[in-house]
Amino acid sequence: MSNDTKPKQTRGRKKQGANPIDAHVGARIRLRRTLLGMSQQKLGEAIGLTFQQVQKYERGANRISASRLFYLTRVLDVPLSFFFDDMPSHVAAAPVDEDGAAVIGEHSGTAYEPDPMVKRETLELVRAYYTISDLSVRRSLIDLAKALTRLSSSDPG
């Protein structure tokens, strides 16, 4: 077999992208960190990591050990269950392969779609909204968003 046709080895695991459970936990870390107004750098310093390692956790590229998850509960001031809350049922109930990896996505026909509520723009919008102390201004902002939604959905092009 030539080198061109040989499958690449990746430390015993098939390269398939982020495990959906790891991606969900990472998204929950990003959600809480962003809601607290904490940078990846500050979070990394608090748990003894670089911001690049925090980025990998948040993307689900790296798995988080139990001890690190425990430290994250303290730094982010959340219960352990927070990281698993709102997990889609198809992710939580996914079977695992012989390596303990979730069998999701191309194997099961069910792709993992991250929650749009944990996107950076959503989190920034929510944080900005709650910094507005005047309730009438906040109500006006909601009305404006609804009006813009109606305009964009009726716009044919």
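As shown above, the structure is provided for reference.
The structure reproduced in this document is the subject of the present report. What you see is a predicted model, and the numbers here were worked out from it, not measured in a lab.

Overview of the overall build of the protein chain
Helix and strand counts for the protein chain stand at seven helices and zero strands. N-terminal to C-terminal, the α/β element order of the protein chain is α-α-α-α-α-α-α. In the protein chain, the share of contacts with a sequence separation of at least 24, taken over all contacts with a separation of at least 6, comes to 60%.

Focus: the environment of Ser65
Residue position: Ser65 is located in the loop between α3 (51-59) and α4 (66-76). The exposure class assigned to Ser65 is partly exposed, which follows from its relative accessible area of 37%. Among the polar contacts listed, one links the side chain of Ser65 to the backbone nitrogen of Arg68, at a separation of 3.2 Å.

Observations regarding the pattern of salt bridges
The tally for this structure, following the rule as stated, stands at four salt bridges. For Arg63, the salt bridge identified is with Asp22, shortest N-O distance 2.9 Å. Of this pair, Arg63 sits in the loop between α3 and α4 while Asp22 sits in helix α1 (residues 20-35), and the two are 41 residues apart along the sequence. Overall, Arg63 belongs to the partly exposed group, its relative accessible area being 39%. On the basis of relative accessible area, Asp22 is assigned to the buried category, the value being 15%. The partner of Arg33 in a salt bridge is Glu58, with the nearest N and O atoms 2.6 Å apart. Of this pair, Arg33 sits in helix α1 while Glu58 sits in helix α3, placing them 25 residues apart in sequence. Each member of the pair, Arg33 as well as Glu58, carries the same accessibility label: buried.

Rules used in this analysis
- Residues numbered from 1 in each chain as written.
- Predicted model: local features only at pLDDT ≥ 70, side-chain atom pairs only at ≥ 80, totals over all residues.
- Heavy atoms only, no water.
- Helix = DSSP H or I, 4+ residues; strand = E, 2+ residues; numbered from the N terminus.
- Contact = heavy atoms within 4.5 Å.
- Buried < 20%, exposed > 50% of the residue type's maximum accessible area, 1.4 Å probe, protein only.
- Polar contact = N/O pair within 3.5 Å; in protein donor to acceptor, adjacent residues only side chain to side chain.
- Salt bridge = Lys/Arg side-chain N within 4 Å of Asp/Glu carboxyl O.

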